[in-house]
Amino acid sequence: MKQGQGSALDPPGAAPLDRRTSGKARVAAGLVGVPKGEPLAVPGQSPGLACFLPSAVPFPCAPSPASVRAVTDRNAPVLASRHLLAIEGMHPPQIAELLDLAESYVLLNRSGKTQRDTLRGRTVINLFFEDSTRTRTSFELAGKRLGADVINMSVSSSSVNKGETLLDTAATLNAMHCDLLVVRHAQSGAPSLLAQKVGAAVVNAGDGTHEHPTQALLDALTIRRRRGRLAGLTVAICGDVAHSRVARSNIHLLGTMGSRVRVVGPPTLLPAEIGRLGVDVFHDMARGLDGVDVVMMLRLQRERMGEGGGAAPVPSAREYFRFFGLDAEKLARAAPDALVMHPGPMNRGVEIDSAVADDPAHSVIREQVEMGVSVRMAVLDRLARPQGAASGFGRRESGRQDLDRQDPARQDSGWQDRGRRNGGGREAGSGDAGGGRPGAAGPGWGGSGGNGVGRGNASLGVAGQDEDSGPDDDTGGSDA
């Protein structure tokens, strides 16, 4: 699209929007969150941002023709990074491209023609150090529908229980030459550490209280299909924000795409100085839900509440539901057509009333599950493609082929040295607080920031509970 030339999705009679529009014009057009000077459309890439304009196409927000072609075009623009570790740092065009591709996979899955050979000959390993069925199952479905060989690695029956460290596990997986590694871990920063040590593309399926990128993407896709846009919407994230990686990822994504985000909960369940993340803070549900377009409820994560050793943040489940549980009376304060979301699994009668959770007029919880498979198909598809010159969300790293060309003796002997350089402890298996790059958690975020991986854990492989999904049910695609 040439500079000054209108888009096919521009409303009739509208002035064409310059690709490098001034800041004031961006705000007026609803492009809040787009960095100044960032192109609104990348040559050869879908004009994904058009779906987020106030004048966007009506519900459901249809994918652009370019994004539909991208499902089969293996030479389409790709993300420059080999990994998806966090939403923080991504730009609107990158998010829009993934959502457009995921939308195409929604249409494909609903058509019944789900089996493709996009990832034929590729190997995907699901490495989950925490209990999960929802996220793990959706990644398994996504990989198989794309034609990949999918292996689910059960940590409960793996060598981790025999004392193997995370770095030793990484060395083992690296020797197997897998192509994509989906990782969930109880420690913030563990997927980032693995990304430095393996030749495969790494997808963060949830790490500690840090982030859960694919959950935020599927939530955004669900909202966009229902509302046709993200810019200008008001979203209230309610409940146990302090322990939620889902909340953090959604705050970053929704804020980047121009939504106004509120966090609602008791002071004991909100991180200190969370307002610095650009959100509005409320301690009263009635005020926090006033006029909002989307209500996103979070589960009370009791398995994480005892980590600090202090008093319980809530007196009882009954008391919590009385003040912060979502029922019909509280929901009435939101917009008449407000959407109700939950990453699952739900604790009915604790954070949400059954009548609200099952209300077809408001609840999109089941749709979130469906969107989870499509989003993860899009992520695996993008990360498996050859790296090109598209705008990415991280540094470009050497591929598996580079590791194959290295001398095996040098590769094996370099593990401990690389661990020391990257803060991974004195050696693989060190009891020091290891973990490479520090956890990127925001200010006061449940104590997850600054310590990276580790917390003095010698193995970095202790199985824990599912983030926003407890030891109970965890099925489908929407999971914290």
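Engineer: How do you make sense of the nonpolar core when you look at a structure like this?
Structural biologist: Considering soluble globular proteins, one finds that nonpolar side chains tend to be buried as a cluster. Ranked by internal contacts, the top residues of the largest apolar core, which has 61 residues, are Leu217, Ile237, Leu253 and Leu380. Broken down by element, the residue count for this core peaks at 9 residues, all from helix α14 (residues 365-384). Filtering out sequence-adjacent residues up to four positions away, Leu253 remains in contact with Ile87, Ile95, Ala216, Leu217, Ala220 and Leu230. Counting 26 residues, the second-largest nonpolar core is a separate cluster that includes Met305, Tyr320, Val350 and Val356.

Engineer: Whenever I open this one, the pairing of strand β5 (residues 234-238) confuses me. Can you help?
Structural biologist: Residues in a regular strand project their side chains so that they alternate between the two faces of the sheet. A large share of β5 lies buried, amounting to 5 of its 5 residues. What you see with β5 is no split at all: Thr234, Ala236 and Cys238 on one side and Val235 and Ile237 on the other are buried throughout. In this sheet, strand β6 (residues 260-264) lies alongside β5 in parallel orientation, the contact comprising 5 bridges. Of the residues in β6, the one forming a bridge with Ala236 is Arg262.

Engineer: How do you make sense of the packing of helix α5 (residues 166-176) against helix α6 (residues 190-197) when you look at a structure like this?
Structural biologist: Geometrically, a packed helix pair is captured by the angle between its two axes and the distance between the axes. It is at 10 Å that the axes of α5 and α6 come closest, and there the two elements cross at 45°. For the element pair α5 / α6, the angle class is oblique. Every pair of crossing elements has a handedness; the one defined by α5 and α6 is right-handed. Facing Leu166, Leu167, Ala170 and Asn174 of α5, the residues of α6 in contact are Ala190, Leu193, Leu194 and Lys197.

Engineer: Got a minute to help me understand the sheet that holds strand β1 (residues 123-128) in this structure?
Structural biologist: Note: strands within a sheet are paired through backbone hydrogen bonds, in either parallel or antiparallel orientation. Here we have 4 strands laid out as an open sheet, ordered β2-β1-β3-β4, and parallel in their pairing. On the outer flanks of this sheet lie β2 (149-154) and β4 (201-207), each paired with one strand and no other. Ignoring strand direction, the axes of neighbouring strands in this sheet form an average angle of 15°. Sitting on the sheet, α5 is in contact with β1, β2 and β3 (180-185), with an inclination near 165° to β1.

Engineer: I keep staring at unusual backbone geometry and nothing clicks. Help me out?
Structural biologist: One can expect most non-glycine residues to show negative phi and most peptide bonds to be in trans. With omega at -10°, the peptide bond leading from Gly344 into Pro345 counts as cis. With respect to the helices and strands, the residue Pro345 is situated in the loop between β9 (339-341) and α13 (354-357). The phi dihedral of His177 falls on the positive side, at around 60°, and the residue is not glycine. Here His177 shows up in the loop between α5 and β3. Located in the positive-phi region is Glu273, a residue other than glycine, with phi close to 60°. Counting through the fold element by element, Glu273 comes out in the loop between β6 and β7 (280-282).

Conventions we followed
Residues numbered from 1 in each chain as written. Predicted model: local features only at pLDDT ≥ 70, side-chain atom pairs only at ≥ 80, totals over all residues. Heavy atoms only, no water. Core = buried A, V, L, I, M, F, W, Y, C linked by side-chain atoms within 4.5 Å. Buried < 20%, exposed > 50% of the residue type's maximum accessible area, 1.4 Å probe, protein only. Helix = DSSP H or I, 4+ residues; strand = E, 2+ residues; numbered from the N terminus. Contact = heavy atoms within 4.5 Å. Pairing = 2+ DSSP bridges. Axes fitted to C-alpha atoms, helices over the stretch in contact; angles between N-to-C directions. Parallel < 35°, antiparallel > 145°, perpendicular 65-115°, else oblique. Left-handed = near helix turned anticlockwise from the far one by under 90°.

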